[in-house]
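Read off the chains here:
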Amino acid sequence: MKIDYQEPSKDLLMRIDIHEKYGSANIDMWTNELLQPKAGMTILDVGCGAGKLCFLFNDYVKGGAKITGGDFSEELLEKAREKNKKTGANIDFQFLDFNEKFKFEDGSFDLCTSAFAIYYASDLDFTFGEAHRVLKPGGRLFVSGPLPENKQMFYDIIKEATNKPIPPMPGSSRFKGDIFSTIDRIFAKTELHKFENHLTFPEVAPFIDYVRASLGEDRRLWTSMFNGKDEYEALIGKIEEVAKKWFDRDGKLVMTKVIGGILATK
Ligand SMILES: C[S@@+](CC[C@H](N)C(=O)[O-])C[C@H]1O[C@@H](n2cnc3c(N)ncnc32)[C@H](O)[C@@H]1O
């Protein structure tokens, strides 16, 4: 399967900001508590985007780990490098396409992570095989992504607004199934952890900002619902109408993110 996917940086940063403002739980704390990165470790973050996880680990170990972030979006890598300079962090941000052989020696890393990214890989055996190869014996892989019950309310509102079935999302449909089983097959030990975050929107506008930033992310996946700018705006208008109706009925809009974390050991 070939999934052509590029994240516009403004959409990614908008979604991160919305989670910080309206979420009930902090995925960064969950990630750090689960993984407990330590000074002296070598860490590779695959599909690092603007470097969220790299900076998180770097702060946690107070700069004591050797961290590499890889992504195929030069735009996002540039954002990460700017922050690297600004904060005086010493993270190595470099081009990496997870559909190609990783440019690292066998057994180079203690920890390989990928947040909301690697599940877009075209050939799961190949990509997770590469993650396995570059890990040291006993090294750990951590992959986070949406579980099937993720943000049900978001999909229900879109369904009500369009009267159409939601197109399959490769993230949530593959995560618990193909992705877990591929990792489980390649690694010695695999566990699935779960994280829940209730996003409570005190008004409709930030929810619509989230919808725009999400439909942007998965633009190619939503082609059955809109074609071109005018249809996109008409769709957003309909979603806004339904969201307002739900908001007037319930006094708030609550969307629950249900995230899985696959933690595997080589
Ligand atoms: C939803 S973003 C997550 C970014 C980051 N991990 C975070 O948590 O903020 C998905 C990322 O996967 C990257 N990506 C998608 N396909 C890729 C590929 N083939 N190789 C490397 N990165 C890829 C995108 O550029 C984007 O940065």
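Our structure is the block above this text.
Reference entry: report on the structure contained in this document. Here the residue numbering is sequential within each chain, running from 1 through the sequence in written order. Confidence filtering applies because this is a predicted model: local features only for residues at pLDDT of at least 70, side-chain atom pairs given and counted only at 80 or more, and all residues used for totals across whole chains, interfaces and linings.

Let us now look at the overall build of the chain. Elements are defined by DSSP. Helices are runs of H or I of four residues or more, strands are runs of E of two residues or more, and each kind is numbered from the N terminus. Of regular secondary structure, the chain possesses nine helices and seven strands. In terms of overall dimensions, the chain is globule-like: its C-alpha atoms have a radius of gyration of 19 Å, near the 18 Å expected for 266 residues. Buried, partly exposed and exposed are defined by the number of other C-beta atoms within 10 Å of a residue's own C-beta, namely 20 or more, between the two limits, and 12 or fewer respectively, with C-beta atoms placed from the backbone. Out of the 266 residues in the chain, the part that is buried amounts to 36%. Taking all contacts inside the chain whose residues are at least 6 apart in sequence as the whole, residues at least 24 apart take part in 83%. All radius of gyration figures rest on C-alpha atoms, and the globule criterion is 2.2 Å times the number of residues raised to 0.38. For the purpose of contact definition, each residue receives a C-beta atom placed from its backbone, and two residues are in contact when these atoms lie within 7 Å.

What follows concerns helix H9 (residues 228-250). Working rule for helices: expected span equals 1.5 Å times residues minus one. Here H9 contains 23 residues, and its C-alpha end-to-end distance of 33 Å stays within 8% of the 33 Å for a straight helix at 1.5 Å per residue. One or two steps after H9, the chain reaches Gly-251, where phi turns positive at roughly 80°.

As a further point, take the sheet that holds strand S5 (residues 135-146). Should DSSP find at least two bridges between two strands, the strands are taken to pair. The strand order across the open sheet built from seven strands is S3-S2-S1-S4-S5-S7-S6, with neighbouring strands paired in mixed fashion. What marks the edges here is a single partner per strand, and that holds for strand S3 (92-95) and strand S6 (189-201). Neighbour-to-neighbour, the strand axes of the sheet open up by a mean angle of 20°, direction not taken into account. In this sheet, S5 lies alongside strand S4 (residues 109-115) in parallel orientation, the contact comprising six bridges. Directly across from Thr-113, in S5, lies its bridge partner Phe-142. Axis geometry follows a simple rule: fit a line to the C-alpha atoms, using only the stretch in contact for helices, then measure angles between N-to-C directions, giving values from 0 to 180 degrees. Across the face of the sheet, helix H2 (residues 27-35) comes into contact with S4, S5, S6 and strand S7 (253-265) while running at roughly 160° to S6. Against the sheet, helix H4 (residues 74-87) touches strand S2 (66-71) and S3, its axis set at about 165° to S3.

As paired elements, S5 and S7 share seven bridges and run antiparallel to each other. Each residue of the ladder has a partner; that of Leu-141, found in S7, is Ala-264.

This part takes up the site of the ligand. Proximity of a residue to a molecule or strand is defined by its backbone-placed C-beta atom lying within 6 Å of that partner. The ligand sits among 20 residues. The nearest are Gly-47, Gly-49, Ser-73, Ala-115 and Ala-117. Class assignment of the residues belonging to the shell around the ligand gives a composition of twelve nonpolar, four polar and four charged. Gly is put with the polar residues, along with every residue not named as nonpolar or charged; the nonpolar set is Ala, Val, Leu, Ile, Met, Phe, Trp, Tyr, Cys and Pro, and the charged set is Asp, Glu, Lys and Arg.

In this structure, Met-153 sits in helix H6 (residues 152-162). The exposure class assigned to Met-153 is partly exposed, which follows from the 15 C-beta atoms found within 10 Å. With near-sequence residues (within four places) excluded, Met-153 lies in contact with Val-254 and Met-255.

Before going further, it helps to spend a moment on unusual backbone geometry. Positive phi, close to 50°, is recorded for Phe-116, a residue that is not glycine. As for its placement among the helices and strands, Phe-116 is situated in the loop between S4 and helix H5 (124-134). Positive phi, close to 35°, is recorded for Lys-151, a residue that is not glycine. Tracing the backbone through its elements, the reader meets Lys-151 in the loop between S5 and H6. Residue Lys-151 is classed as partly exposed on the basis of its C-beta count, with 19 C-beta atoms lying within 10 Å.

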